[in-house]
Amino acid sequence: MMKRLLFLLFTCIGMLAAAQNEQLAQNYFDRGEFEKALVSYEELLKSQPHNFNFFQRTVECYQQLQQFDKSEKLIQNRLDQYKQGSYLVELGYNFQLQKETDKAKKYYEQALDKIRKNHNEVYQIAYGFDKKGLTDYAIQAYELAVSIEPKYNFNYQMALLYGQKGDMDNMIEKFLTESYNNPQSLVMIQNQLSRFMSEDASVTFNDALRKALLGRIQKTQDLFWNDYLSWYYVQQKEYGKAFIQQKAIYKRSPESFSNIVNLAQLAMSENDEEAATEILNFILENTRDLDLQIKAHTYLIELQIKKAQPAAYPAIAAELDTRIKQFGVSPYSLSLLQLKAKFSAFQQKDTETAKIILKNALEMPLKREEIAEVKMDLAAILLLEEKFNQALIYFAQVENEGGNNPLGQEASLRVAKTSYYKGDFKWAEHQLGVLKSASTQLIANDAMDLYLLISDNTVADSTQTALKKFARADYLLYQNKKAEALQAFQTILKEHKGQEIEPVTLLRIGKLWEEQNNFPEAIASYRQIIDQHKECIYVDEATYFAAELYQKTGEVDKAKALYEDIILHREDSIFYVDAQKKFRRLRGDKEL
């Protein structure tokens, strides 16, 4: 028994020492200290001669130190021992590093001959070529294997290789073929295509992909390609064009509306009201599904509310009452009831009616998530009434029950915002500090923005005088009292000129002027941020918003200059991709 224990002890010690030696060797290698790394890797390879990683690293150390004879000998010994074609690639590359191109080519050809004799070797050989950056040889290896054994499928690997060498047409062809032949790989391939769509410096790739998809639709009439083209337009945020494809699918396959409903929601979330309205009306014209009808009516009325002036409120209220009467008061019409409550409270200033609607809804047999949503709405209305503590109770209930799910995190954000509105900045900052790493990106971003607002202005002014005024002005915005909010922000600007609070105040003022269609005043506010607060965190927003307004008012050169500024100097901005697209259009690049 004792001997066995001692054996296990020494084995564990040996394994630990080996692991430490490997880490040390890797550290030397990563730092470029190849002489020291070589000593360690030679010892490791001696102790474990079959370990490929130690062999590879030893070869690379020799090559970095230009000891090519030693690396050649080591590779040749390995080739003699294992007879694998991938070592021929290694030998060829060793000569390529010495600029002996003919010798390198000879070994590469020998590696391809190995595939001709045994096509199963394609995996290691093609991988070897790819790892060495020998893209053309890797493609040739895959093509050769497929010509010998047609059952092989290397479309995905070859597409990536074509992408590496900038051959976009062949990359697209291989990706699309693979998508159709193996639909289970569709999402993975579309993720790759999205990366190229966003990273490509010109419209060339996007145009090539669109043409390839149109070509397949024309050749095959397969609805798969209509759906693919719809996905393409969604990536471009061209929801009207995506809808044309979804309509084509529906006419030939009317079983499901799910894609069309999802498209409507996407268009709404991206503020494409025209496309959203068209899609929702199409749904109402073509479905008898009550749930879909209720959803469509709810979304359409939401769009009306979003752009409505007070004069239109009676008509909207009547529309809501008509739809609630049409579908009845039940859990099925909950979305309409919630919308009626919010409209009554925020637009019509009738909070009592709103609370009655929501409290009655809580008496219905609702699902757990529906109860949480109604409680959130009720809390929002209590907050509107400045009943901060009562609002916090409901928000906290949803927060505790929801945990880390999106609704629970949204409730946590509402708790923080309520604390912020009432001037309890310390507690708000604590809550926001946790939410900065929320799983929902939108919540994380909102939390980060408010956290920075509080922390930056607390450091700049320990009394938080300006911050208290700003929080109050923000609360007036929450109450939809925009005229009072604008006046409050303008007062802050006068009383705290030059202080930390100035740029974010200008941003709020700009957005309020923009909502009133007073574009010159809005642009003036944004320009103050751009010109006088170049280093602040709000400058990329101000730049983008000003560019958008210049474009609306026909001042194309000014818009183009600001979009270009984002492209050249703000690569990490959330507006970067959109600025690229709009700059290209204004410059006159070919339309996608």
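K.L.:
Mind laying out the overall build of the chain, listing which residues take part and the relevant values?
P.N.:
When its secondary structure is counted, the chain shows 32 helices and 0 strands. Its C-alpha atoms give the chain a radius of gyration of 32 Å, clearly above 25 Å, the size a compact globule of 592 residues would have. Seen along its three principal axes, the alpha-carbon backbone of the chain occupies a region of about 85 × 65 × 65 Å. Counting the 592 residues in the chain, one finds 47% classified as buried. Taking as baseline every contact in the chain between residues at least 6 positions apart, the subset at least 24 positions apart corresponds to 51%. By element, 51% of the accessible surface of the chain is carried by carbon and sulfur atoms, the whole surface being about 31000 Å².

K.L.:
Talk me through the packing of helix α16 (residues 273-286) against helix α17 (residues 290-307); I want residue IDs and the actual numbers.
P.N.:
Orientation of α16 relative to α17, taken along the N-to-C sense of each, is 150°, at an axis distance of 9 Å. On the basis of their axis angle, the class for α16 and α17 is roughly antiparallel. Relative to α17, α16 is oriented so that their crossing is left-handed. Each of E273, A276, T277, L280, N281, I283 and L284 in α16 lies in contact with α17, whose residues at this interface are L292, Q293, A296, H297, Y299, L300, L303, K306 and K307. Taken together, the residues of the contact of α16 with α17 break down into 9 nonpolar, 4 polar and 3 charged.

K.L.:
Kindly report on the nonpolar core, identifying the contributing residues and their values.
P.N.:
In this structure, Y420 and L453 are the most contacted members of the largest nonpolar core, which totals 102 residues. With sequence-adjacent residues up to four places away left out, Y420 is seen in contact with F425, A428, L450, L453, I454, L467, F470, A471 and D474. Counting residues in each nonpolar core, the second largest holds 92 residues, with C61, A126, M158 and L176 among its members.

K.L.:
Describe helix α5 (residues 86-97), and please don't skip the residues or the numbers.
P.N.:
Structural remark: α-helix, 3.6 residues per turn; residues separated by three or four positions point the same way. Helix length check: α5, at 12 residues, gives a terminal C-alpha distance of 17 Å against a target of 16 Å (1.5 Å per residue), a fit within 8%. Counted residue by residue, α5 has 10 buried out of 12 residues, so it is predominantly covered. Just downstream of α5 lies K99, where phi reads positive at about 65°.

K.L.:
Just give me the short version of helix α29 (residues 519-532), but keep the residues and values in it.
P.N.:
Its 14 residues place the ends of α29 20 Å apart at the C-alpha level, agreeing with the 20 Å of an ideal helix rising 1.5 Å per residue. Looking only at α29, the buried set comprises F519, A522, I523, S525, Y526, I529 and I530. One side of α29 holds all its buried residues, which, seen down the axis, span an arc of 160°. Where α29 is buried, its residues contact α28 (502-515), α30 (539-552) and α31 (556-569). A distance of 3.4 Å separates the backbone nitrogen of E521 from a side-chain oxygen at the start of α29, and that oxygen is part of N518.

K.L.:
Explain the confidence of the model for the chain to me, and be specific about the residues and the numbers.
P.N.:
The predicted coordinates ought not to be read in detail in places where the model reports low pLDDT. Scored by pLDDT, the chain comes out at a mean of 92, with 95% of its residues at no less than 70. Confidence over residues 5-17 falls short of pLDDT 50; this stretch has 0 contacts with residues more than four positions distant or in other chains.

Procedures and definitions
- Residues numbered from 1 in each chain as written.
- Predicted model: local features only at pLDDT ≥ 70, side-chain atom pairs only at ≥ 80, totals over all residues.
- Heavy atoms only, no water.
- Helix = DSSP H or I, 4+ residues; strand = E, 2+ residues; numbered from the N terminus.
- Rg over C-alpha atoms; globule rule 2.2 N^0.38 Å.
- Buried < 20%, exposed > 50% of the residue type's maximum accessible area, 1.4 Å probe, protein only.
- Contact = heavy atoms within 4.5 Å.
- Areas by Shrake-Rupley, 256 points an atom, 1.4 Å probe, with all protein chains shown as cover.
- Axes fitted to C-alpha atoms, helices over the stretch in contact; angles between N-to-C directions.
- Parallel < 35°, antiparallel > 145°, perpendicular 65-115°, else oblique.
- Left-handed = near helix turned anticlockwise from the far one by under 90°.
- Nonpolar A, V, L, I, M, F, W, Y, C, P; charged D, E, K, R; others polar.
- Core = buried A, V, L, I, M, F, W, Y, C linked by side-chain atoms within 4.5 Å.
- Expected span 1.5 Å × (residues − 1).
- Arc of directions from axis to C-beta.
- Polar contact = N/O pair within 3.5 Å; in protein donor to acceptor, adjacent residues only side chain to side chain.
- pLDDT = per-residue confidence, 0-100.

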